[in-house]
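# Per-entry structural report
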Amino acid sequence: MITLKINGKEHSVDVDPTMPLLWVIRDIIGFTGTKFGCGKGLCGACMVLMDGNAINSCQMPISAIQGKEIVTIEGKTENLQALQKSWAEFNVPQCGFCQSGQLITATSMLNNNPNPSEDEVNGNMSRNICRCGTYTRIKEAITHCVELKNKG
Amino acid sequence: MAPIKNISRRGFIKGIGLASGGLVLASSAYSFSNFGSKEEDILEFNPNLFVQLNSNGSLILVASRSEMGQGVRTSLTSVIADEMEADWDKVIVKQATGDAKYGNQNTDGSRSVRTLFETMRKMGATVKAVLITAAAKSWKVPESECIAKNHFIIHSSGKKIGFGDLVEIAKEISIPENVILKDPKDFKFIGKKLPSIDVENLSNGSAVFGLDKRVPNMKFAAIKRCSVAFGTVKSVDKTEALKINGVLDVVEVPMLIKAFGPLGGVAVIATNTWAAFKGRDALKIEWNYSKNTSYNSETFMDSITANVHKPGKVEKSIGNIDNAFKKANKTHEATYKLPHLAHAPMEVPNAVVSVKGDICEVWAPIQSPQAARREVANFLETDQSNVTINVTFLGGGFGRKAKPDFIVEATAVSKAINGPVQVVWSREDDIQHSYYHTVSSQFLKGAIDKNGKVTGWLHRFALPTIGSTFTPGRDLPQPWEARSATDVPYDIPNLQIEAGKADAHVRIGWLRSVINIPHGFAINVFADELAHEAGKDPLEFRLNLIGKDRIQETKDAYKYDTSKLKHVLKTAAKNAGYDKQLPEGHAIGLAVHYSFYSHVAAAIEVSVTNGKLTIHKISVVIDCGTAINRDTITAQMEGAAIFGMSLAYYGKITAKDGAIEQSNFHNYQVLRMPNAPKIQVEIVNSNDKPTGVGEPGVPVIAPAIINAIFKATGKRYRTLPLSDHGLV
Ligand code: FES
Ligand code: FES
């Protein structure tokens, strides 16, 4: 049995300790907001927050997660919720499939750096692929979110 | 318009039909009862297949086309809501299952809005008319004194009644035969920027994509397919696979040789996706490789290039091309070679299927739910009425998910294990077993007279055709696969288009904008080359080449209009600052193309520093007739620009001994944020019929980049991707 803390709740799972967190979340626990895109740490669709930092959950065996706080797209954190508002305002998603990962990466960035420069946004967000091509809107939405936070 | 068969008790409507095929318009045949929780005391009014008004005022509108990011759930339903004068906040969108009663549901060809616009308007207008009649009746006033506004019917005296409160009376009113549509100037949603109705669900993880569907007792499966197209299983050793924790079973999946038939292989059934993948990796399979082991991309490119360097099948001929070359002051020729591409939608193909005896239920991200229903029913040898295709959200499609092979395959697995299963493709599966965008070689030769005018245009192309997927062995294009070359919009007295032979060795499919990618590339780059040969400015030269205002072609009431083509080109150039002084080393390249009945131009500003390309800005102009949702159109142009950049920068699928060499996003790269430029979109104001939006933004991007690089550096690149040239 391995106990995981996801979105503030504990879950005990009885699976192979080498199983990546992604599949535990999706197939065992049943939160499907975290997506599978490549399985190789290349696309960022599977991003979750581990102690506030974005990680590719497809690359993280659950044995390495014991005692960590995991937040998925279904979770609630100040930065995530602020970004989600901004996403709606700029009508960012097209198909939406990559957007959980995009939002988690952006949240992690703002957790660590409340005022990212354009280069820093590009650098952080380069971990995530959007095949629909919503990059410009993502960038605008992040910028807007940062501006709002700085004001308020 | 096809007449409507009406099978309802009350209503009687003529003249409302879907553009293709008839539509059974019947409330009694259609039930919304599966939708959400139904409270007993809520009355429903189902005036047609697309509308359900509830007595609590909520309005359920049906989207018959699949949502894959193009915003169709919002655009189509907003048209109904606009004509109905409904309150958008009261709208709930319900996704239709795959069913012929909805008319054509194929979500491809950039056709949803353009073919359903009028129908959706009528669907809304009809309901509005009934509600007005209902209100007038209950108030005992003439209908002419009542109007509909924001979910209310309002009488000239000022009294008003909510749509929901009219449900009971409306149910007794017969549906009118003829309805008056709104004056476009009164549109409330159409032509505006309406955010996606799903924006929240798509930002909080709650939208259910195919991959997210779960049903009780569902197992997970992954399939090992032969690395060479159409190879079959000789023998399989499943011992190691079965040892893996979570693996339950191993079953063979048959190959079906037909357009949407699965490739077949060996499926590993497990309690979770990861175990299924691990089990799949542990299978030991011997294959009967097919004759396609002879497929090697390099030699194949040489062979189709040889075919375009000799005469081919004449697809179109005007004037006398040989004479034109003889008389020319100057001739110029170029050969363009473009590789295969894979769609790589963010969500891999997948399907949940539950077969129980003759009954089958499917949940899948599918662009063609009716084809899926037909193919599943054929496979199970059952009636289509026993098959339900639930359409989930699609995590991108780009044409890949128009082919239901992955659903038929999952059906075979569900049948074999006698229970519900989700078959998941890995990214490697997706990239290595796609229906590829075709590989192509194209030869162009132009004749220029002493005034710099083009007097001859020869275009030969050879490419494995989509037809080969439907008719194995077909090695020449059908007219529709030649059209984007034969329709070249240039006013040239001697013009010849020829097709060379090309065999297919992988499954060829359609990918966002399809044949327009290679043809649009060759035509736009070659025109730019001729401008240079003639010593003219590319914009002015191109406008002259397009020539006088005329209708190049008319099809299904859509007009290929050279004046629109010139307008979008000029506007894109202007928006890009074509006439302005650019920073040192910067240059703007142009391209213009007509596809899916839309006229689109791109002007792209680039620079090349230390051998590396930077794209600074993309200016796109589209004339797509009446704009339904300006925000969606803008988003589609932005997305198409990125899609076009991806294929220009990195897109390349190659085969070695029949097996695809690329496997995941490390060697089949797509664009990422740091390379995404500023994209400016202008939509031409028009009251013409709406035309395509999802695809026509793609073909102009790569050639405009090539033309810009030439202007900036003097180097002409005639093959893609640019990563092969070390430019990115
Ligand atoms: S699925 Fe984990 S990075 Fe792509
Ligand atoms: S919105 Fe479709 S992949 Fe990003």
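If you're wondering where the values come from, they're calculated on a predicted model, not measured in any experiment.

The helix and strand tally for chain A stands at 5 helices and 5 strands. N-terminal to C-terminal, the α/β element order of chain A is β-β-α-β-β-β-α-α-α-α. Here the C-alpha radius of gyration of chain A, 15 Å, is about what a compact globule of 152 residues would show, namely 15 Å. Structurally, chain A occupies a C-alpha span of about 45 × 30 × 25 Å along its principal axes. In chain A, buried positions account for 59% of the 152 residues. Across chain A, the fraction of contacts at a sequence separation of at least 24, relative to all contacts at a separation of at least 6, is 56%. Accessible surface for chain A amounts to roughly 5600 Å². Of this, 47% is attributable to carbon and sulfur atoms.

Once that is clear, we can look at the sheet that holds strand β18 (residues 421-424) of chain B. Residues and elements named next belong to chain B. Overall, mixed pairing links the 7 strands, which are arranged β10-β11-β8-β18-β15-β16-β17 in an open sheet. Both outer strands of the open sheet, β10 (247-253) and β17 (387-391), are each paired with one neighbouring strand and no more. Averaged over all pairs of adjacent strands, the angle between strand axes in this sheet comes to 25 degrees, irrespective of strand direction. As paired elements, strand β15 (residues 350-356) and β18 share 4 bridges and run antiparallel to each other. When the sheet's bridge partners are listed, Val352 is paired in β18 with Gln422. In this fold helix α5 (residues 273-282) packs onto β8 (219-224), β10, β11 (265-270) and β18, with an angle of close to 25 degrees to the strand it touches most, β8. Helix α8 (residues 369-380) contacts β15, β16 (359-364) and β17 of the sheet and is inclined by roughly 145 degrees relative to β17.

Residue and element names in this part refer to chain B. Here the amide bond leading from Leu720 into Pro721 is cis, since omega sits at 5 degrees, within 30 degrees of zero. Turning to its location among the elements, Pro721 is positioned in the segment after α17 (701-713). A positive phi is found at Glu381, a non-glycine position, where the angle reads about 55 degrees. Note on placement: Glu381 falls in the loop between α8 and β17. Taking relative accessible area as the criterion, Glu381 reaches 73% and is therefore assigned exposed.

Let's shift gears to the interface of chain B and chain A. Contacts between the two partners involve 60 residues from chain B and, on the opposite side, 47 residues from chain A. Taking both sides of the interface into account, the surface hidden between chain B and chain A amounts to around 4300 Å²; carbon and sulfur atoms contribute 59%. Considering only the surface of chain B that becomes buried against chain A, B:Trp274, B:Met346 and B:Met673 emerge as the three largest contributors, covering 20% of it. Our count for the contact surface shared by chain B and chain A stands at 7 salt bridges. With a shortest N-O distance of 2.8 Å, A:Arg137 and B:Glu638 are connected by a salt bridge.

Below, the discussion takes up the packing of aromatic side chains. Applying the stated criterion to the full structure yields 18 aromatic pairs over all chains. A centroid spacing of 5.9 Å and a plane angle of 75 degrees characterise the contact between B:Phe50 and B:Tyr102, whose relative ring orientation is edge-to-face. With B:Phe50 in the loop between β1 (44-48) and β2 (51-54) and B:Tyr102 in the loop between β4 (91-95) and α2 (112-139), this pair connects stretches of sequence that are 52 residues apart. Using a relative accessible area of 0% as the deciding quantity, one classes B:Tyr102 as buried. Taken together, the aromatic side chains of A:Trp23, A:Phe36 and B:Phe277 make up a single cluster linked through ring pairs. The ring of B:Phe398 carries A:Arg131 above its face, with NZ or CZ at 5.9 Å from the centroid.

Formed by 240 residues in total, the largest nonpolar core has its most connected members in A:Leu21, A:Ile142, B:Val413, B:Trp457 and B:Ile705. If you look at the next biggest cluster of nonpolar residues, it comprises 50 residues, including B:Phe45, B:Val93, B:Ala135 and B:Leu166.

Turning our attention to the sheet that holds strand β6 (residues 152-155) of chain B. All names here are of chain B. The strand order β5-β6-β7 describes an open sheet built from 3 strands, whose pairing is antiparallel. At either margin of the open sheet sits one strand with a lone partner, and together these are β5 (146-149) and β7 (160-162). Across the sheet, the mean angle from the axis of one strand to that of its neighbour is 20 degrees, orientation sign disregarded. In terms of strand pairing, β5 meets β6 through 4 bridges, oriented antiparallel. Bridge pairing in β6 places Lys149 opposite Phe152.

All names here are of chain B. Side chains Ile153 and His155 of β6 all project onto a buried face; the interleaved residues Phe152 and Ile154 project onto a face where none is buried. If you look at the hairpin formed by β5 and β6, you'll find 2 residues sitting between the two strands, and Asn150 has a positive phi there, around 45 degrees. As paired strands, β6 and β7 are joined by 3 bridges and run antiparallel to one another. What sits directly across from Phe152, in β7, is Gly162.

This part covers the pattern of salt bridges. All names here are of chain B. A full pass over the atoms with the stated rule returns 42 salt bridges over all chains. In this structure, Lys548 engages Asp491 in a salt bridge whose closest nitrogen and oxygen atoms are separated by 3.2 Å. One end of the pair, Lys548, is in the loop between α14 (538-546) and β22 (551-555); the other, Asp491, is in the loop between α12 (479-486) and β21 (494-500), with 57 residues separating them in the sequence. Residue Asp491 is classed as partly exposed on the basis of its relative accessible area of 30%. By sharing partners, the salt bridges in this structure join Arg225, Arg280, Asp281, Glu409 and Asp429 into a single network.

All names here are of chain B. Here chain B is partitioned into domain 1 (5-204), domain 2 (212-290 + 349-424) and domain 3 (297-341 + 436-725). Contact with domain 1, which involves 18 residues of that partner, is made by 16 residues of domain 2. Summing the contributions of domain 1 and of domain 2, the shared interface buries around 1300 Å²; its carbon and sulfur component is 54%. It is Ser66, Met68 and Gly98 in domain 1 that bury the most area against domain 2; as a group they hold 37% of the surface buried on that side. Taken together, the connections running from domain 1 to domain 2 amount to 1 salt bridge. Close ionic contact of Asp99 with Arg373 constitutes a salt bridge, the shortest N to O distance being 3.8 Å. Here domain 1 is connected to domain 2 by 7 residue pairs in polar contact (both at pLDDT 80 or more).

This next bit is on helix α4 (residues 118-125) of chain A. All names here are of chain A. Along α4, the residues that are buried comprise Val121, Asn122 and Met125. Axial view of α4: buried residues confined to an arc of 95 degrees, hence all on one face. Structurally, α4 contributes buried residues whose contacts are with α3 (99-112) and α5 (135-151).

Moving on to the UniProt feature "domain: Aldehyde oxidase/xanthine dehydrogenase a/b hammerhead" (unreviewed entry) in chain B. Mapped onto the present numbering, the UniProt feature "domain: Aldehyde oxidase/xanthine dehydrogenase a/b hammerhead" (unreviewed entry) falls at residues 204-291 of chain B. Helix and strand shares over residues 204-291 of chain B are 17% and 34% respectively, and the end C-alpha atoms of the span are 48 Å apart.

Our focus in this paragraph is a negative patch on the surface. A grouping of B:Glu298, B:Asp302, B:Asp657 and B:Glu661 is seen on the molecular surface, where their side chains present a negatively charged patch. Along the chain, B:Asp657 falls in the loop between β27 (655-656) and β28 (659-660).

The next subject is the packing of helix α2 (residues 78-89) of chain A against α5(A). Residue and element names in this part refer to chain A. Interhelical geometry of α2 versus α5 gives an angle of 125 degrees and a closest axis separation of 9 Å. One way to sum up the angle between α2 and α5 is to call them oblique. For the pair α2 and α5, the crossing hand works out as right-handed. On α5, the residues that touch Glu78, Asn79, Ala82, Leu83, Ser86, Trp87 and Glu89 of α2 are Ile138, Ala141, Ile142, His144, Cys145 and Lys149. Looking at the contact of α2 with α5, its residues break down into 7 nonpolar, 3 polar and 3 charged.

The rules behind each value
Residues numbered from 1 in each chain as written. Chains lettered and ligands numbered in written order. Predicted model: local features only at pLDDT ≥ 70, side-chain atom pairs only at ≥ 80, totals over all residues. Heavy atoms only, no water. Helix = DSSP H or I, 4+ residues; strand = E, 2+ residues; numbered from the N terminus. Rg over C-alpha atoms; globule rule 2.2 N^0.38 Å. Buried < 20%, exposed > 50% of the residue type's maximum accessible area, 1.4 Å probe, protein only. Contact = heavy atoms within 4.5 Å. Areas by Shrake-Rupley, 256 points an atom, 1.4 Å probe, with all protein chains shown as cover. Pairing = 2+ DSSP bridges. Axes fitted to C-alpha atoms, helices over the stretch in contact; angles between N-to-C directions. Buried area = accessible area lost by both parts, 1.4 Å probe. Salt bridge = Lys/Arg side-chain N within 4 Å of Asp/Glu carboxyl O. Phe/Tyr/Trp six-rings, centres within 6.5 Å; stacked < 30°, edge-to-face > 60°. Lys NZ or Arg CZ within 6 Å of the ring centre and 35° of its normal. Core = buried A, V, L, I, M, F, W, Y, C linked by side-chain atoms within 4.5 Å. Domains from an automatic or database assignment. Polar contact = N/O pair within 3.5 Å; in protein donor to acceptor, adjacent residues only side chain to side chain. Arc of directions from axis to C-beta. UniProt positions renumbered as here; feature names shortened; annotations may be inferred. Patch = residues over 30% accessible without salt bridge, like charges linked within 9 Å, V, L, I, M, F, W, Y side chains within 5 Å. Lys, Arg positive; Asp, Glu negative; His and termini not counted. Charge placed at Lys NZ, Arg CZ, Asp CG, Glu CD. Parallel < 35°, antiparallel > 145°, perpendicular 65-115°, else oblique. Left-handed = near helix turned anticlockwise from the far one by under 90°. Nonpolar A, V, L, I, M, F, W, Y, C, P; charged D, E, K, R; others polar.

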